[in-house]
Number of protein chains: 2
Amino acid sequence: MVIIGIDIGGTSIKGAAVRNNSQILGQFVSEVIKGESSDDTINRLIKNVLEFIPTIPIDSRELCGIGIGVPGSINTTTGYVNFSPNLKWYDVPLKKMMEDATHLPVKITNDANAAGLGEAHFGSGKQFKDVIVLTLGTGVGGAIILDHKLFEGNEGKAAEMGHMVIELDGRPCGCGRNGCLESYASATALINDTKHAMEENKDSLLWKFAEGDINKVNGKTPFDAAKAGDKVANEVINNYVKYLGEGILNYCNIFRPNAVIISGGISKQGDYLFDKLKEYCAKWDYGYPNTPVPEILPAVLGYESGMVGAACLFF
Amino acid sequence: MVIIGIDIGGTSIKGAAVRNNSQILGQFVSEVIKGESSDDTINRLIKNVLEFIPTIPIDSRELCGIGIGVPGSINTTTGYVNFSPNLKWYDVPLKKMMEDATHLPVKITNDANAAGLGEAHFGSGKQFKDVIVLTLGTGVGGAIILDHKLFEGNEGKAAEMGHMVIELDGRPCGCGRNGCLESYASATALINDTKHAMEENKDSLLWKFAEGDINKVNGKTPFDAAKAGDKVANEVINNYVKYLGEGILNYCNIFRPNAVIISGGISKQGDYLFDKLKEYCAKWDYGYPNTPVPEILPAVLGYESGMVGAACLFF
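Here is what the cut-offs are and how they apply
- Residues numbered from 1 in each chain as written.
- Chains lettered and ligands numbered in written order.
- Predicted model: local features only at pLDDT ≥ 70, side-chain atom pairs only at ≥ 80, totals over all residues.
- Heavy atoms only, no water.
- Buried < 20%, exposed > 50% of the residue type's maximum accessible area, 1.4 Å probe, protein only.
- Helix = DSSP H or I, 4+ residues; strand = E, 2+ residues; numbered from the N terminus.
- Pairing = 2+ DSSP bridges.
- Least-squares fit on C-alpha atoms with pLDDT ≥ 70 in both.
- Contact = heavy atoms within 4.5 Å.
- Buried area = accessible area lost by both parts, 1.4 Å probe.
- Polar contact = N/O pair within 3.5 Å; in protein donor to acceptor, adjacent residues only side chain to side chain.
- Nonpolar A, V, L, I, M, F, W, Y, C, P; charged D, E, K, R; others polar.
- Axes fitted to C-alpha atoms, helices over the stretch in contact; angles between N-to-C directions.

Caption draft 1: Highlighting the pairing of strand β10 (residues 140-146) of chain A. All names here are of chain A. Burial analysis of β10 places six of its seven residues in the buried class, which makes it a mostly covered element. Relative to β10, strand β9 (residues 131-136) runs antiparallel, the two sharing six bridges. Opposite V131, over in β10, you have I145 as the bridge partner. Linking two consecutive strands that pair antiparallel, namely β9 and β10, is a turn of three residues.

Caption draft 2: Spotlight on the relation of the copies chain A and chain B. Once turned by 180 degrees and shifted 0.0 Å along the axis, chain A lies on chain B with an RMSD of 0.0 Å. The relationship between the two copies is best expressed as a two-fold rotation axis. When the interface residues of chain A are mapped onto chain B, 98% of them are again interface residues, pointing to one common binding face.

Caption draft 3: Representation of the interface of chain A and chain B in the model. The interface is formed by 44 residues belonging to chain A together with 43 residues belonging to chain B. Across the chain A/chain B interface, buried area totals approximately 4200 Å², and carbon plus sulfur atoms make up 58% of it. On the chain A side of the contact with chain B, A:L168, A:R177 and A:I254 bury the most area, a combined 18% of that side's loss. For the pair chain A and chain B, the number of links is 26 residue pairs in polar contact (both at pLDDT 80 or more). Those elements that provide at least two residues to the side of chain A that touches chain B are β10 and α8 (231-255) of chain A. Tallied by class, residues from the side of chain A that touches chain B come to 23 nonpolar, 11 polar and 10 charged.

Caption draft 4: Just the sheet that holds strand β2 (residues 12-19) of chain A, in detail. Residue and element names in this part refer to chain A. Strand order in the open sheet formed by five strands is β3-β2-β1-β4-β8, and the pairing between neighbours is mixed. Each edge of the sheet is formed by a strand with only one pairing partner; in this case those strands are β3 (24-31) and β8 (106-110). For this sheet, the mean angle separating the axes of adjacent strands, direction not counted, is 15 degrees. Of the pairings in the sheet, the one linking strand β1 (residues 2-8) to strand β4 (residues 63-70) comprises six bridges and is parallel in character. Considered in β4, the bridge of I3 is made with G65. Lying on the sheet, helix α1 (residues 38-52) is in contact with β1, β2, β3 and β4; it crosses β3 at an angle near 150 degrees.

None of this, on its own, says anything about what the molecule does.
The structure is reproduced here in structure tokens:
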């Protein structure tokens, strides 16, 4: 079985023909043009797909569907994209438009779900049945994979992994509540915490790694400074590990999954981060002796996880 | 199909023959004898079951299995009860013992899962696909029902619904962590908060409803006083609604279920509690317009939810 997986991003659209053994048989890329209407973008995408299909080196009967990941709020029951803030799409019948044009079955999901499903099927999670994916970026996203399948909830609106309050009346969150995991464990939160620590500690090595410019702080800065022995940076990292660790532990107690996979730029910190995370979670893990401890693993797929994962909606 | 559902409690064991339309065809009860070994208790239970089977008014071929709910940590892979603090059972091969004696297939789960599954199948949740059950008692327990099936996680150790931290470094919890939902939203927590408020407010009506004796406070006391117009009690209730509401909202964002069912003695407070809870959750619910809002409902099954739910392991 071969599926075309499509990952619609804020600036580009990536597509691939994916066999159900994860083999990628061909790819295409197109841009998202700023200010373009949803109709125009989708019609351009349809044209790309129709041109792409004959180039896939397979018997055409092997091509069984199209999976699409979209950044925003999706209704999996109706196949509509309800709202995509990045694309400025409102109530767009994406599934129907693509099905009408290609005469193939189409499934849509949000981009975080797609990327998480790809990672669970063909990345770090491939040997596991139940997997939680947490993506640390501007916010905290992720996906829930149970019994090897994406769990999407009513109308596909579950798995808002970052919007779990871990601190009553805590930091304000974009979702309207206060104290969400996202406000503590996103890359944005880590950068803000780093800047705050820098303002309080003018002699911290953090300034050196930010080239003396607080606006140059990124998610790597506190790790670099902590590895160089800076105490202030070390405290920032330890707090971050605690915030993220509490989120992971909450998900372990709810799902007792086989694995928790961490993706996003911060997951590139490797053992330095994961050793601390595992130590924190092992210390506070719930349960009587012999309760299985979930693996905590970095994601291994790169930019292709979104399109591969969109194809996995059919696998 | 008829299944024998068994609910092992701290003081009694209740069993029922349950048809898959929820009809109860007969029941038995036996006691848990304090100090008795696990072998003795289970052998007594087996004797009860073997005597009960011929009394069920069905063709014997209709009897297809036995489901058992046990208070404690269960391994659904091995069929062992790993540990039951109430029963003082350690690594007991309950499934095998019952199967060997009855020659019927046996499934076991923990008691909170069983009761939640019963409520989801045949109680408040019967029309819904995805249901979260929160049981407010000494602790906060519950169950996760997805696509009409119990979700149990690795070895059956998921759904520790009360052990989700909602307050970093918050109140100490029996699980070893701090700030768990259980420490804020259990009946125990409500009673403690009520007592604390009474100590600070000697003229509160709470004292009247507790007959002047702080040791007589129960989960009903603050509701009674709040309904009578007591400001202190009203504040206790509003805080409780906030704590429980934040837990419910977290579960809504994770699962976007069709319904959240609240069980346990506190759920008997009816509209007074549920109107407040719904108002709180509606105010802070996540999502763009048209995101489906989960129903928040009281449980309707009584003491039989555990045995009916244990039978539901087969339905």
